[in-house]
Amino acid sequence: MKKYFRIACVLLLVSVAWVGCKNDFPVDEDGLLITDRAECFVSNFELLGGDFQTVRTKNPVIDTTAQTIQVEVFYGTDLRNLFPQFSLVTDAKLDPKITGKVDFSDLANPKVYTVVSGNRKVRKPYTVYVTVQKP
Amino acid sequence: MQRNYSYITLLLLICLLGVSACQEKEIVTVTPLKGSGFQNDVIKRTLGPNVVGLDIEFAYAMALPRDMGRITSAQVEASISGASGTYLEHRSFYTDGGGADVGVVVGQPSATEGRITRVNFTADTSAATLRYFYRIPEEARGQSVNFTFSATSSNGQTVSYTMGPYTVGKMDLKLDLNVVDAGACYISIADMAVYTAAQAAANPDKIDLVYLYRTIPNVTFNHGLVSPAADAQYRPGITLPAGVNRSIKIRKAWGIRDFHLARTQFGVYIDDLDFQQLNLEGEPNFAINMRAESGAWVETADGRYRAYIYFNAINNGARSARISIKRYAL
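Quick caveat: nothing in here was measured; it's all calculated off a predicted structure.

1. A look at the overall build of chain B
Consideration 1: When its secondary structure is counted, chain B shows 4 helices and 21 strands.
Consideration 2: Scored against the burial criterion, the 330 residues of chain B give a buried share of 42%.
Consideration 3: Restricting to contacts in chain B with at least 6 residues of sequence separation, those with at least 24 account for 63%.

Next up, the structure:
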């Protein structure tokens, strides 16, 4: 009986040690999981105004080869106070991060956002071209 | 020795089970009223911030055992006298099976003297629930107000119940202003009023916004609120009266259907705090394509007022809109 009890205790200790000593998954500087995925693209793009309603007049044109996003916004849109939203491929992240409203008013110098793949080895800059609806 | 180990193991298992099984559960209990005799209770029926000119509504319930007598009077004393329109119902309401409130007359219509509103009972009743409507007066703006509800029975007993303090907001409210393109389209936040071009010419320094409706091919313009100082392309076809040239900061808002302004089913309230924390730095001086049930936060150029303009209704055919304004003086 004593022998069985000891075996049970040893098994328990081994299982605890096994669970406790598993390697952590790798994470990046943002605490996000680094995975094996090398895919790196923007799947959708949205632009919201100060009222958090879309300012797009139609669907954006996302060219994943040329790495550009073309978006037309309503006449009278305040380009200085817009909230961009990117949908990315699984595990990818955006650089720079979007933390609040963004000024898109300098149409001659469009904003560039870089998509970083899940394995953090592929970086693709996307340029966002905003045009305003004209009468 | 073997038996000892078995006992210890068993004991540990039992302890483990005991710890997990004996976690205390929160049990809801109802505390009965202490004592008996003449009792009273109050609930506040209105929600949201208290705004000058609006009512705070209470339901005051009072009852005593039948053999102890009947109710002879009920009164409410407010710490600040209510404005005209303050009253205590002389009908006791109950809710019928269909959910409708049914009133039963129990006394004379209330009389208000100073801070006290009183109902003298004429019905022989030992239980009643009276509603009290306190019309918030101008004197209460930014102040706190308390209420003492009391009732007297025929055996001389008196019961009372204190409610409050309730803080009254500093906000102003103006409902249902009709703005018409090329008509009464000049909006003054300072006056919370709408003026025609002729009236605006007489008060140019008070005009903050111009309402307009445009249908322009290929663009979505529709109903707009544009400051006189905005780029001319956003106020096409408008010749401003002499001296009307003020600017404003404006941000469109959607989904903020303030209950006081919209009077719909949505329990959303704009309070003083919203205006205090509002930051319109860098916002434009025009807003176009306003829709029904949308709104706009604004701040006047002189920094004296912040306001929320709500579009209750729009009418494309009549080129008009009905707006309501909540304003906060900084």
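2. Things to note about the overall build of chain A
Consideration 1: In terms of helices and strands, chain A carries 1 helix and 7 strands.
Consideration 2: Overall, chain A shows an N-to-C arrangement of helices and strands of α-β-β-β-β-β-β-β.
Consideration 3: Taken over 135 residues, chain A has a buried fraction of 34%.
Consideration 4: Once local pairs closer than 6 in sequence are excluded, the contacts in chain A between residues at least 24 apart make up 56%.
Consideration 5: Here chain A has roughly 8500 Å² of accessible surface; of this, 57% comes from carbon and sulfur atoms.

3. Notes on the nonpolar core
Residue and element names in this part refer to chain B.
Consideration 1: One finds I187, Y211 and L225 to be the most contacted residues of the largest nonpolar core, which totals 41 residues.
Consideration 2: Counting residues per element, this core draws most heavily on strand β15 (residues 209–214), at 5 residues.
Consideration 3: Membership of the second largest hydrophobic core comes to 31 residues, among which are A74, L88, M163 and Y166.

4. Digging into the pattern of salt bridges
Consideration 1: Counted under the stated rule, the structure contains 31 salt bridges over all chains.
Consideration 2: Here R123 of chain A makes a salt bridge to D95 of chain A, at a shortest N to O gap of 2.9 Å. Of this pair, R123 of chain A sits in strand β7 (residues 123–132) while D95 of chain A is found in strand β5 (residues 93–95), placing the two residues 28 residues apart along the sequence.
Consideration 3: Among the salt bridges present, the one from R322 of chain B reaches D176 of chain B, with a minimum N-O distance of 2.8 Å. Of this pair, R322 of chain B sits in strand β21 (residues 320–329) while D176 of chain B sits in strand β12 (residues 172–180); the two residues are 146 residues apart in sequence, bridging distant segments of the chain.
Consideration 4: Beyond isolated ion pairs, a larger network of salt bridges with shared partners links D28, E29, D30, K93, K97 and R120 of chain A.

5. Focus on the sheet that holds β7 of chain A
Residue and element names in this part refer to chain A.
Consideration 1: Read from one edge to the other, the open sheet built from 5 strands follows the order β2-β3-β7-β6-β5, with strand pairing classed as mixed. A single partner strand is all that each edge strand has here, and the edge strands are β2 (61–63) and β5. On average, each strand axis in the sheet is inclined to that of its neighbour by 25 degrees, with strand direction left out of account.
Consideration 2: Pairing analysis gives 3 bridges linking β5 to strand β6 (residues 111–116), with the strands arranged antiparallel. Residue K93 lies in a different strand from β6, and its bridge partner there is V116.

6. Focus on the interface of chain A and chain B
Consideration 1: Contacts between the two partners involve 16 residues from chain A and, on the opposite side, 23 residues from chain B.
Consideration 2: Overall, the association of chain A and chain B removes approximately 1700 Å² of surface from exposure, summing both partners, and the carbon and sulfur fraction of that is 55%.
Consideration 3: Where chain A meets chain B, there are 1 salt bridge.
Consideration 4: Across the salt bridge formed by E283 of chain B and K101 of chain A, the nearest N and O atoms sit 3.4 Å from each other.
Consideration 5: When its residues are assigned to classes, the side of chain A that touches chain B shows 5 nonpolar, 5 polar and 6 charged.

7. Overview of the sheet that holds strand β3 (residues 71–78) of chain B
Residue and element names in this part refer to chain B.
Consideration 1: Taken together, 5 strands build an open sheet; the order of strands is β7-β8-β3-β10-β11 and the sheet is antiparallel. What marks the edges here is a single partner per strand, and that holds for β7 (111–113) and β11 (158–167). Geometrically, the sheet is characterised by an average inter-axis angle of 15 degrees between neighbouring strands, direction not taken into account.

8. A word on the side chain of D172 of chain B
Residues and elements named next belong to chain B.
Consideration 1: In this structure, D172 sits in strand β12.
Consideration 2: Polar side-chain contacts of D172 include one of 2.8 Å to the side chain of R141.
Consideration 3: Among all residues touching D172, those that are not within four sequence positions of it are R141, M192, I325, K326 and R327.

9. Quick look at the environment of R306 of chain B
Residue and element names in this part refer to chain B.
Consideration 1: If you trace the backbone, R306 turns up in strand β20 (residues 305–315).
Consideration 2: Ignoring sequence-local partners within four residues, the contact set of R306 consists of F275, Q276, L278, V298, E299, K326, R327, Y328 and L330.
Consideration 3: Only 3.0 Å separates the side chain of R306 from the side chain of E299, close enough to count as a polar contact.

10. A word on the side chain of R120 of chain A
Residue and element names in this part refer to chain A.
Consideration 1: Counting through the fold element by element, R120 comes out in the loop between β6 and β7.
Consideration 2: Taking the relative accessible area as the measure of exposure, R120 reaches 18% and is therefore buried.
Consideration 3: Here D91 takes part through its backbone oxygen, which lies 3.1 Å from a polar atom of the side chain of R120.
Consideration 4: Dropping the residues within four chain positions of it, R120 is found in contact with D28, L32, L33, I34, D91, A92 and K93.

11. Observations concerning the pairing of β6 of chain A
Residues and elements named next belong to chain A.
Consideration 1: The sheet contact formed by β6 and β7 spans 6 bridges and is antiparallel. Its bridge partner lying in β7, V115 is registered against K124.
Consideration 2: Joining the antiparallel neighbours β6 and β7 is a turn of 6 residues, in which R120 adopts a positive phi near 65 degrees.

12. Here we look at the pairing of β15 of chain B
Residues and elements named next belong to chain B.
Consideration 1: Within β15, 6 of the 6 residues are buried, which leaves it mostly tucked inside the rest of the structure.
Consideration 2: Across the two faces of β15 the burial is the same, with L209, Y211 and Y213 and V210, L212 and R214 all buried.
Consideration 3: Relative to strand β16 (residues 222–226), β15 runs antiparallel, the two sharing 5 bridges. Pairing of V210 across the sheet is with V226, part of β16.

Rules and cut-offs
Residues numbered from 1 in each chain as written. Chains lettered and ligands numbered in written order. Predicted model: local features only at pLDDT ≥ 70, side-chain atom pairs only at ≥ 80, totals over all residues. Heavy atoms only, no water. Helix = DSSP H or I, 4+ residues; strand = E, 2+ residues; numbered from the N terminus. Buried < 20%, exposed > 50% of the residue type's maximum accessible area, 1.4 Å probe, protein only. Contact = heavy atoms within 4.5 Å. Areas by Shrake-Rupley, 256 points an atom, 1.4 Å probe, with all protein chains shown as cover. Core = buried A, V, L, I, M, F, W, Y, C linked by side-chain atoms within 4.5 Å. Salt bridge = Lys/Arg side-chain N within 4 Å of Asp/Glu carboxyl O. Pairing = 2+ DSSP bridges. Axes fitted to C-alpha atoms, helices over the stretch in contact; angles between N-to-C directions. Buried area = accessible area lost by both parts, 1.4 Å probe. Nonpolar A, V, L, I, M, F, W, Y, C, P; charged D, E, K, R; others polar. Polar contact = N/O pair within 3.5 Å; in protein donor to acceptor, adjacent residues only side chain to side chain.

These values are about where atoms sit, not about what they do.
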